Amino acid sequence: MKRIFTSIILLLSIIGVARSQSEYMPYSYQSYQKFNGIEYSTSTNEHTAFKPYIIDSVTKGRYDSLMNYNNDGKQHSWGYNKLFNEHLIDIKSKNSTFYADLLPNFTMGKNLSDAKESTSLVSYGAQIGGTVGTKLYYYASWYGNQGNFPAYETNYINQTGIIPGEARAKVYGLDSYDWQYYTAVISYTPNKYLNITAGNDKNFIGDGYRSLFLSDYISPYPFFKLTGTLGNVQYTAMWAHFDDPEDLDANGNPRQKWGVFHYLDWNVSKKLSFGFFDSVIWYDKDDAGHERGFDVTYLNPITFLRPLEASNGSPDNALIGFTGKYKLTDGITGYGQFMLDEFQAKQFFTDNGSSRNKYGYQLGIKGANMFGVQGLNYLLETNNVKPYTYSERGPILSFTGNGAPLAHPWGANFRELVGQLNYSYKRFDFSGEADYGHYGQDPLTGQDYGMDPYQDYTTPAKLEGNYIGQGVTTNMYYLEGKVAYVLNPKYNLRIELTALYRDEKNADYDDKTTLFTIGIRSSFRQIYDDIAAPKTH
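So, here is what we can say about the structure in this document. (Residues numbered from 1 in each chain as written. Predicted model: local features only at pLDDT ≥ 70, side-chain atom pairs only at ≥ 80, totals over all residues. Heavy atoms only, no water.)

1. Details of the overall build of the chain
Basically, it comes down to this: Labels follow the DSSP assignment, with helices taken as runs of H or I lasting at least four residues and strands as runs of E lasting at least two, numbered in each case from the N terminus. The reference for a compact globule is 2.2 Å times residues^0.38; the radius of gyration itself is calculated from the C-alpha atoms. Each residue is assigned to one of three classes by its accessible area relative to the maximum for its type, calculated with a 1.4 Å probe on protein chains only: buried under 20%, partly exposed between the two thresholds, exposed over 50%. By definition, residues are in contact when any of their heavy atoms lie within 4.5 Å. When charges are counted, neither His nor the chain ends are considered; positive counts come from Lys and Arg and negative counts from Asp and Glu. Charged groups are reduced to one reference atom each: NZ for lysine, CZ for arginine, CG for aspartic acid, CD for glutamic acid.
When its secondary structure is counted, the chain shows eight helices and 28 strands. Computed over C-alpha atoms, the radius of gyration of the chain comes to 23 Å, within 12% of the 24 Å expected from 2.2 N^0.38 for 537 residues, which places it in the range of a compact globule. In terms of overall dimensions, the chain has a C-alpha envelope of 70 × 60 × 50 Å along the principal axes. Every one of the 537 residues in the chain was classed for burial, and the buried ones make up 56%. For the chain, contacts bridging at least 24 residues in sequence account for 66% of all contacts bridging at least 6. Charge centroids of the chain, computed over 48 positive and 56 negative side chains, lie 7 Å from each other.

2. Considerations on the pairing of strand E25 (residues 428-441)
Every regular strand shows the same layout, with side chains that alternate between the two sheet faces. Inclusion rule: Strands pair, by our definition, only if DSSP identifies at least two bridges between them.
Looking at chain direction, strand E24 (residues 414-425) and E25 are connected through 12 bridges and run antiparallel. Bridge pairing links Asn-422 to Ser-431 in E25. The antiparallel hairpin formed by E24 and E25 contains two residues in its connecting segment, where Lys-426 sits at a positive phi of about 55°. In this sheet, strand E26 (residues 472-488) lies alongside E25 in antiparallel orientation, the contact comprising 14 bridges. By the bridge assignment, Glu-433 is partnered in E26 with Glu-480.

3. Section: the environment of Pro-26
Here Pro-26 lies in the loop between strand E1 (23-24) and helix H2 (29-32). Pro-26 gets classed as buried once you look at its relative accessible area, which sits at 18%. Separated by 26 residues in the primary sequence, Pro-26 and Pro-52 place their C-alpha atoms 5.8 Å from one another. Contact partners of Pro-26, with chain neighbours within four places excluded, come to Tyr-32 and Tyr-139.

4. Notes on helix H6 (residues 151-160)
By the burial criterion, the buried members of H6 are Tyr-152, Glu-153, Asn-155, Tyr-156, Ile-157 and Thr-160. Tucked into the core, H6 has its buried residues touching strand E8 (162-163), strand E11 (176-191), strand E15 (233-248), E26, strand E27 (493-505) and strand E28 (510-521).

5. As for the pairing of strand E19 (residues 332-342)
Burial runs high along E19: nine of the 11 residues are buried. Here nine bridges tie strand E18 (residues 317-329) to E19, and the two strands are oriented antiparallel to one another. Within the sheet, the bridge partner assigned to Tyr-326 lies in E19 and is Gly-334. Counted between consecutive antiparallel strands, the loop separating E18 from E19 contains two residues. Sheet analysis places E19 next to strand E20 (residues 358-367), joined by nine bridges and oriented antiparallel. The residue bridging Leu-340 from the neighbouring strand is Tyr-359, located in E20.

6. Focus on the packing of aromatic side chains
Which entries qualify depends on this criterion: Any two of the Phe, Tyr and Trp rings considered here, Trp counted by its six-membered ring, make a pair once their centres fall within 6.5 Å; the pair's planes then place it as stacked at under 30 degrees, edge-to-face at over 60, or tilted in between. Over a ring means this: the NZ of a Lys or the CZ of an Arg is within 6 Å of the ring centre and within 35 degrees of the ring normal.
Under the counting rule described, the total for this entry stands at 32 aromatic pairs. On the basis of an interplanar angle of 65° and a centroid distance of 6.4 Å, the ring pair of Tyr-221 and Phe-223 is categorised as edge-to-face. Phe-223 matches Tyr-221 in its accessibility class, with the two residues each being buried. Following the ring pairs from residue to residue traces out a cluster consisting of Tyr-221, Phe-223, Phe-242, Phe-261, Tyr-390 and Phe-399. The cationic tip of Arg-292 hangs over the ring face of Tyr-283; the distance from NZ or CZ to the ring centre is 5.6 Å. Here Arg-525 stacks its cationic end above the ring of Tyr-181, 5.4 Å away from the centre of that ring.

7. Focus: the environment of Asn-145
Secondary-structure assignment places Asn-145 in strand E7 (residues 136-148). Judged by relative accessible area, Asn-145 falls into the buried class, the value being 0%. Taking the C-alpha atoms as reference points, Asn-145 and Gln-180, separated by 35 residues in sequence, lie 6.1 Å from one another. Beyond its immediate chain neighbours, meaning those up to four positions away, Asn-145 contacts Val-122, Ser-123, Tyr-177, Asp-178, Trp-179, Gln-180, Tyr-181 and Arg-525.

8. Topic: the pattern of salt bridges
We apply this condition: A side-chain nitrogen of Lys or Arg and a carboxyl oxygen of Asp or Glu constitute a salt bridge if their distance falls within 4 Å.
According to the stated counting rule, one finds 25 salt bridges in the structure shown. The residue Asp-243 makes a salt bridge to Arg-168 at a minimum N-O spacing of 2.8 Å. Of this pair, Asp-243 sits in strand E15 while Arg-168 sits in strand E9 (residues 167-168), and the two are 75 residues apart along the sequence. Between Asp-530 and Arg-210 there is a salt bridge whose closest N-O contact spans 3.3 Å. Pair noted here: Asp-530 is in the segment after E28 and Arg-210 is in the loop between strand E13 (204-205) and strand E14 (221-230), with a separation of 320 residues, a long-range link.

9. Quick notes on unusual backbone geometry
In this structure, the amide linkage connecting Lys-51 to the following residue, Pro-52, adopts the cis form with an omega of 0°. A positive phi angle is found at Asn-369, which is not glycine, with a value near 55°. Of note, Asn-369 is situated in the loop between E20 and strand E21 (376-385). Residue Asn-369 is classed as partly exposed on the basis of its relative accessible area of 28%. Phi angles above zero are rare outside glycine, and Phe-371 is one such case at about 55°. Within the secondary structure, Phe-371 sits in the loop between E20 and E21. Note on Phe-371: relative accessible area 73%, which makes it exposed.

Written as structure tokens, this is what we have:
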């Protein structure tokens, strides 16, 4: 995989003229929402859906102000500058830059709903990054982690084998887990029309908190991405590689699979945008162990894949989707997604709840400077996904990777209403989340009611009469508030206090969590605590 990426980079490294120094910003919702005021202004024409993206001339000023906030320009000691204003190592020359930081994460918590339950996270990590000329940017990070979690997250980890949004879990001690997390990216912008990015990282498609196409919930994976921009149109083609710990080969190793993702973003005007998405997932080896490898048919970066995949008589798993975005005012933007996994017209229009009609949709509203308060950003969003969506004839073809869903963290068979509120004042960050989920878990008896995309959709609990919430009908209420003081914005070093309340109930259990945590955090990686396990317990 790495040799393929290297060869393509060398072939595509053409000479051009870049408009400004290209910088690649790792994605997390909490970091990117600070750009809402610029990205969703009616006076700008930014392509906002495919993330991470390159900091350009429009967002450069905001990015620099965030990275240098409260730097008074006065003379300070070396220790003061390194703690509050600078990278640990920061080298700048005429044609290149280089920086490096240590990334500590030490948090501890107490679950007041269970006096015996404590949580902790200890991470030690580092990051490096820099530029070569004005066209090439590189970044890498690594973390070693050990932690123990509240009961609901422990249940999720035991069911899936995955630390939410991080990596595969290894048991450490009696009730703790150990895992590694690393990213590495190289991004090259030869001219104003093209960007080439390759590495091991996450990607996200959409304007909301969640994505029904491709989210940052899965752990980092190898990918190669081409992004072309011409006027109001931006087109992205990405090829990626995943493993599948839910499906083992004859030697007991996770099977491998590939994915290709296309996204076309069209800014009709400064207010109105439409997007078109498609993807295909295919196995590296079939069930008998016959090698297929990377399918060169999918190297074509232009053709949308559903017709191509169907014309080949392919057994691969294809999805298509559509997005829309409209800026009502500078402070209000409406957006949405529609994702179609499988469609049979006869059953669809008779509305008989066929397990073969698999789709989902998202509607949301977001904005910046709420009530005229600078830096007060908000989001309100609903996500709805039918049972059995994203699943296929087996785990190796499902819309999953590295043990987790590629899209929404909850898989399928759910409704969600989520709100986010963020405010930044000087070096203080305040954030709040409220989330309501209605979903149907699979029972302990083993029937598949459509929430877990790793299940074989050809053996559903029932063929017709399916509805969202079927199975073990569950309701989840989630509230979270955070207060953080940013010590150093260069690597997001912060002292953070979190309060979390979660109530998940169904006919089998009523689990409550009231968790308070405090600690020191760094890095820009997203931490997901608003999760839902696919099975009851």
